[in-house]
Amino acid sequence: MNIFVLNSGSSSIKYQLFRWPNERPACSGLVERIGSGQATITHKVFDLQAPDAPPREQHRTLVLPDHEAGLHEVVRLLSGGIIASPAEIDVVGHRVVHGGESFTAATRIDAAVKAEIKRLFGLAPLHNPANYLGIEVAERVFPQARQVAVFDTAFHQTLPEYAFRYALPTALYTEQRIRKYGFHGTSHQYVAARAAAHLGQPDARLITIHLGNGCSMAAVRGGRSLDTSMGFSPLAGLVMGTRSGDLDPSVLLHLLGPLGYTPEQVGTLLNKESGMMGLTGSNDMRDISAALAAGDARAALAYDLYAYRIRQYIGAYAAVLNGLDAIVFTAGVGENDALVRTRVCQHMEFLGLQLDEAKNQARTPGLRDLSGPASRARILVIPTDEELEIARQCAELLA
Ligand code: ADP
């Protein structure tokens, strides 16, 4: 079965093709700056017989007016040996950011599902429209394939009501659906399952820490998310690359009132100009750690703030879980930035966390256990793989 996993953003398409049940992708790629005369495609083909061989890569810059043109270009690249025609794609697995309260698992897409994803535009104006467009385009390009939606929010639909409700007038929940939804669910679900399997403890009390450009944490037990740091939108919780994370709501009132910001300006400020970007001028941890090494005081404060917020959530989620068996670092920063892990694990002996600094500094691929001999709870690094998780969920749904 050929499963094509598609992540359609506002001006980009990320994809992977799986020859299921092989869990290694046959190819992957990224189309960027769609809608411009300077769109780029990076397409990688992997040798499934030689897993350690580097992929064959192609790069192109071209004119791509829209997503449909982009996906046709991808099909053209795939047709160069991977598949003979688009008809060979059996399943398209779509990443959809917001599933509201309607979707608790991967779902076969039909007219009603599309209508519901569209209805949710109001709750996820920055993400769902691009995901929806990806579905429509894929239906035209792969008309005979089964289309499946995998939602970022679905894994967190198990939160108890006292965890997902805000202390606002009830009607804002019952009529406007204002509540915590949580995001990055596919990633939390994937690393939590791997951690539980690694520990041989299906019921392990886990705190999963996804630190990419967007950052979030989840408290997971028995494969169920019990709480998570993002909320009504992906703005809540941790300090992120360009998003503020938690904030006193009065700051918004102050911006909108006395300081004269428009709602749109506040949105841009909180989503694009805050977080590490706002604190240091860069959203890339590699730049910030270089600045830190060069003695930059802003970078030092930003690191402290970033790690402090994560530590606060670890404390909170250990309380939610009534104990802790492991914390799991994942995504770009979590997998690569040893200093963030050092800072997060400092003074956490009370929770039984003791980091082995030599293991922390070693750069070995795959799942790593960084716990020292005195650690009662494990400290794990597990590379996330949202595309594989989407492919798995598609395969399970259609089995
Ligand atoms: P996204 O949320 O966009 O999927 P990723 O999980 O790929 O993001 O994470 C991207 C971020 O990871 C980058 O912005 C960068 O800050 C960080 N990152 C990537 N590689 C490294 C590295 N070697 N050391 C520190 N940080 C890194």
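Residues numbered from 1 in each chain as written. Predicted model: local features only at pLDDT ≥ 70, side-chain atom pairs only at ≥ 80, totals over all residues. Heavy atoms only, no water.

## Some details on helix H15 (residues 386–398)
For H15, spanning 13 residues, the distance from its first C-alpha to its last is 18 Å, which sits close to the expected 18 Å at 1.5 Å a residue. Of all 13 residues that make up H15, ten are buried, and the element is covered over most of its length. (Helix = DSSP H or I, 4+ residues; strand = E, 2+ residues; numbered from the N terminus. Expected span 1.5 Å × (residues − 1). Buried < 20%, exposed > 50% of the residue type's maximum accessible area, 1.4 Å probe, protein only.)

## Overview of the side chain of Gln16
The topology assignment puts Gln16 in strand E2 (residues 13–19). Excluding residues within four positions of it along the chain, Gln16 makes contact with Ile3, Phe4, Val5, Pro25, Cys27, Ser28 and Glu387. (Contact = heavy atoms within 4.5 Å.)

## Looking at the site of the ligand
All residues in the neighbourhood of the ligand are listed as Gly212, Asn213, Gly214, Asn283, Asp284, Met285, Arg286, Ala331, Gly332, Val333, Asn336 and Asp337. Within the contact set of the ligand, an oxygen atom lies 2.8 Å away from a backbone nitrogen or oxygen of Met285. In this structure, Arg286 approaches the ligand through a side-chain N or O atom, which is 3.4 Å from a nitrogen atom. Starting from 580 Å² of accessible surface for the ligand in isolation, the protein chains cover 69%. Those elements that provide at least two residues to the shell around the ligand are helix H10 (285–293) and helix H12 (331–336). Considering each element in turn, the shell around the ligand owes the most residues, four residues, to H12. (Near = heavy atom within 4 Å. Polar contact = N/O pair within 3.5 Å; in protein donor to acceptor, adjacent residues only side chain to side chain. Areas by Shrake-Rupley, 256 points an atom, 1.4 Å probe, with all protein chains shown as cover.)

## Overview of the side chain of Asn7
Looking at the element boundaries, Asn7 is found in strand E1 (residues 2–8). Residue class for Asn7 comes out buried when judged on its relative accessible area of 16%. Apart from the residues lying within four places of it in its own chain, the contact partners of Asn7 are Ser12, Ile13, Lys14 and Arg95.

Shape is all these values report; function is a separate question.
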